[in-house]
Amino acid sequence: MAKLDENKKKNVIEGLKNYLKEKEAELKLLYAKTRIDLKNSQKIMKPEDSLSLPNVDLPRINPLEETIKELKKTILRVEKTEEYGTCEEKDCGEEIPEDRLKINPIAKFCLECQKKRDKKDKEKRKIAGMSGTRTGYSGPIY
Ligand SMILES: [Zn+2]
């Protein structure tokens, strides 16, 4: 596994931090927008509607928060291990192509391994779905 030299490490961390800033700004905007949506929806909500879910942009906020968490972890990892862009799958260690990292700076796996993982995830979800609510998440209450 190739370690980054001092210069490259600096560049990588800077790039990641810029990306982090972008994402944090995006999240802030979404939060602000959500607050406005909430306010508006509360105004028009009648008491009998109080059980209905407000128009919160969770499907977009959640993955964004996840990305920010991952980014922070990645920055710490690069600082500590001086490694970046190497597939983390056991027995792989392939370099992740730069193009892939440009689109997704927190990619941890090469395309091949990611595909395999996605497939496994899908199968896992299928099994979890069959055995009922083992995750404890029962979805929104209607
Ligand atoms: Zn791999």
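Now for a quick tour of the structure. Residue indices begin from 1 for each chain and proceed along its sequence in written order. It should be noted that, the model being predicted, local features are given only for residues of pLDDT at least 70 and side-chain atom pairs only at 80 or more, the latter also being counted only at that level, while totals for whole chains, interfaces and linings use all residues.

**Details of the overall build of the protein chain**
Numbering of helices and strands starts at the N terminus; helices are DSSP runs of H or I of at least 4 residues and strands are runs of E of at least 2. When its secondary structure is counted, the protein chain shows four helices and zero strands. Ordering the α and β elements of the protein chain from the N terminus gives α-α-α-α. Counting other C-beta atoms within 10 Å of a residue's C-beta gives its exposure: the residue is buried at 20 or more, exposed at 12 or fewer, and partly exposed in between, where C-beta atoms are placed from the backbone. A buried classification covers 8% of the 142 residues belonging to the protein chain.

**Focus: the environment of Gly85**
Structurally, the position occupied by Gly85 is in the loop between helix H2 (58–81) and helix H3 (98–103). When the 21 C-beta atoms within 10 Å are taken as the criterion, Gly85 is described as buried. For Gly85, the residues in contact, after removing those within four places along its chain, are Glu95, Ile96 and Leu101. In this description, a residue-residue contact is defined by the distance between C-beta atoms placed from the backbone, which must lie within 7 Å.

**Side note on H2**
The span one expects for a helix is its residue count, reduced by one, times 1.5 Å. The terminal C-alpha atoms of H2 lie 34 Å apart, and with 24 residues this matches the ideal 34 Å at 1.5 Å per residue to within 8%. Restricting attention to buried positions, one finds in H2 the residues Leu71, Thr74 and Ile75. Within two residues after H2, Glu82 carries a phi angle of roughly 55°, on the positive side.

**Structural notes on the nonpolar core**
Working definition: the nonpolar core is a set of buried Ala, Val, Leu, Ile, Met, Phe, Trp, Tyr and Cys residues, joined through C-beta atoms within 7 Å. Grouped together as the largest cluster of nonpolar side chains are five residues: Val12, Leu16, Leu71, Ile75 and Tyr84. When residues no more than four places from it in sequence are discounted, the contact partners of Ile75 are Ile13, Leu16 and Lys17.

**Some thoughts on unusual backbone geometry**
Despite not being glycine, Glu82 shows a phi value in the positive range, around 55°. Along the polypeptide, Glu82 turns up in the loop between H2 and H3. Residue Glu82 is classed as partly exposed on the basis of its 16 C-beta neighbours within 10 Å. Of note in the backbone geometry, Asp91 takes a positive phi value of approximately 65° without being a glycine. Positionally, Asp91 belongs in the loop between H2 and H3. A count of 6 C-beta atoms within 10 Å places Asp91 in the exposed class.

The values reported here are purely geometric and, on their own, carry no functional implication.
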